[in-house]
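Residue-level structure breakdown
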Amino acid sequence: MSAAPPDSVAAYPEIIVVLGGGMLPDGRPAPATLARGRAAADLARMHPDAAIICSGSHGVGRKPRRSEAASMADLIASEGIDRARIFLEDQSRDTIGNAVFVAERYLSAISPRQLYVVTSPFHLERSVETFRLVLGPAWETLGVASAPAPDDAERAKHERRFLQQTREFLAGISPGEVSRISAKLRERH
C-alpha cells in the first residue's frame, strides 16, 4: 500500500470532525458554530497528527454566502492550526447528513482509525451514535463537547425527539452500510 498524499485525510492517523451549529440570518456563524470551532481547534492542538473535517452547510433557513464548514475552518486556522490539516464537507444540513457526507467524501475509502466528533454538549449523544451507525464498529468514534452556547438549552428541548427520529431513519440498515444510508438520505431530500 502506497503512502497517502499529504493533502489527503488518509495521511492522518486520527480524524476530528466538527459539526456546524447553524448560521445567523445575517450570515455570521451562530454561537454554537463558534463554540464548536474553538473546541475543535483546542482538540487539534492536543492531537497534532489529526486531520480536521469541518462539516455543515447551514442547517435551517436560507443558505448563507459562507457555509458553517468554511466559517469553522477560518476560525480554526485563526487559532493557529495549519490550514493544510483542515478539510471541508459543506453539503450537510443535519446530523445524518454530516455523517453520510463526511463518510462519502473522506472516510469510505480509507482504513478505520480513531475519530473524534466535536459538537455542543446537548448534541453529543445523537452525533456520536449517528456517526457510529453510519461508519460501523471498525471506527473508534469518540465525542468531544464544546463549551455551551447561549441557545443550547432551547435547542436541547428537541434532542430526544431528534435522536428517536435518527434511530427510526437508520433502523433496518446495518452499521457501516454507507451506500444504503446515503441512498435513503437522498430519497428524503
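None of the values given here were measured: they were computed from a predicted structure.

Reading guide: rules and limits
- Residues numbered from 1 in each chain as written.
- Predicted model: local features only at pLDDT ≥ 70, side-chain atom pairs only at ≥ 80, totals over all residues.
- Heavy atoms only, no water.
- Helix = DSSP H or I, 4+ residues; strand = E, 2+ residues; numbered from the N terminus.
- Rg over C-alpha atoms; globule rule 2.2 N^0.38 Å.
- Contact = heavy atoms within 4.5 Å.
- Areas by Shrake-Rupley, 256 points an atom, 1.4 Å probe, with all protein chains shown as cover.
- Lys, Arg positive; Asp, Glu negative; His and termini not counted.
- Charge placed at Lys NZ, Arg CZ, Asp CG, Glu CD.
- Salt bridge = Lys/Arg side-chain N within 4 Å of Asp/Glu carboxyl O.
- Buried < 20%, exposed > 50% of the residue type's maximum accessible area, 1.4 Å probe, protein only.
- Core = buried A, V, L, I, M, F, W, Y, C linked by side-chain atoms within 4.5 Å.
- Polar contact = N/O pair within 3.5 Å; in protein donor to acceptor, adjacent residues only side chain to side chain.
- Phe/Tyr/Trp six-rings, centres within 6.5 Å; stacked < 30°, edge-to-face > 60°.
- Lys NZ or Arg CZ within 6 Å of the ring centre and 35° of its normal.

Assigned secondary structure in the protein chain consists of seven helices and five strands. Mapped in sequence order, the helices and strands of the protein chain form the string β-α-β-α-β-α-β-α-β-α-α-α. Relative to the globule expectation of 16 Å for 189 residues, the C-alpha radius of gyration of the protein chain, 15 Å, shows essentially globular dimensions. Structurally, the protein chain occupies a C-alpha span of about 45 × 40 × 25 Å along its principal axes. In the protein chain, the proportion of contacts linking residues at least 24 apart, taken out of those at least 6 apart, comes to 73%. In the structure as shown, the protein chain presents an accessible area of about 9200 Å², 54% of it carried by carbon and sulfur atoms. The protein chain carries 24 positive and 23 negative side-chain charges, and their two centres are separated by 4 Å.

Quick look at the pattern of salt bridges now. Taken as a whole, this structure holds 11 salt bridges when the rule is applied. For Glu79, the salt bridge is made with Arg45, and the minimal N-O distance between the two is 3.3 Å. Residue Glu79 is found in the loop between helix H2 (68–78) and strand E3 (86–89), and its partner Arg45 is found in helix H1 (residues 31–46); the two are separated by 34 residues along the sequence. Among the residues examined, Glu79 registers a relative accessible area of 30% and is labelled partly exposed. For Arg45, a relative accessible area of 40% gives the class partly exposed. Within the structure, one salt-bridge network assembled from shared partners comprises Asp42, Arg45 and Glu79.

Glancing now at H2. Taken across its 11 residues, H2 has eight buried, putting it largely inside the fold. Where H2 is buried, its residues meet strand E1 (14–19), H1, strand E2 (50–55) and E3. Of the residues trailing H2, Gly80 is marked for its positive phi of about 95°.

Let us look at the nonpolar core. If you look at the biggest cluster of nonpolar residues, it comprises 31 residues, and the most contacted ones within it are Val9, Ile15, Val17, Ile53, Leu107, Leu115 and Phe131. If you list the elements that add at least two residues to this core, you get E1, E2, helix H3 (95–107), strand E4 (114–119), helix H4 (124–135), helix H6 (159–170) and helix H7 (178–188). It is H3 that contributes the most residues to this core, eight residues altogether. Ignoring any residue separated from it by four or fewer positions in sequence, one finds Val17 in contact with Ile53, Ser55, Val102, Leu115, Tyr116, Val117, Val118 and Phe131. The next biggest cluster of nonpolar side chains, apart from the first, holds 18 residues, and it includes Ala39, Ala41, Cys54 and Ala69.

Turning to its location among the elements, Ser146 is positioned in the loop between strand E5 (140–145) and helix H5 (152–156). Classification of Ser146 as buried rests on a relative accessible area of 5%.

Of note, Glu89 is situated in strand E3. Buried Glu89, no salt bridge; nearest opposite-charge side chain is Arg105, N-O distance 5.2 Å. Among the polar contacts made by the side chain of Glu89, one reaches the main-chain amide nitrogen of Gln91 at a distance of 2.7 Å. Apart from residues no more than four positions distant in its own chain, Glu89 is found in contact with Ile53, Cys54, Ser55, Gly56, Ala69, Asn98, Phe101, Val102, Arg105 and Tyr106.

Let us now look at the packing of aromatic side chains. The full count for this structure, using the stated rule, is two aromatic pairs. Taking the centre distance of 6.1 Å and the plane angle of 80° together, the rings of Tyr12 and Phe87 count as edge-to-face. Linking Tyr12 in the segment before E1 with Phe87 in strand E3, this pair joins segments that are 75 residues apart in sequence. Phe87 gets classed as buried once you look at its relative accessible area, which sits at 9%. Geometrically, the ring pair formed by Phe87 and Tyr106 is edge-to-face, given 5.8 Å between the ring centres and 65° between the ring planes. Here Phe87, found in strand E3, pairs with Tyr106, found in helix H3; they are 19 residues apart in sequence, far enough to count as distant. One residue, Lys184, lies across the ring of Phe169, its end atom 5.0 Å from the ring centre.

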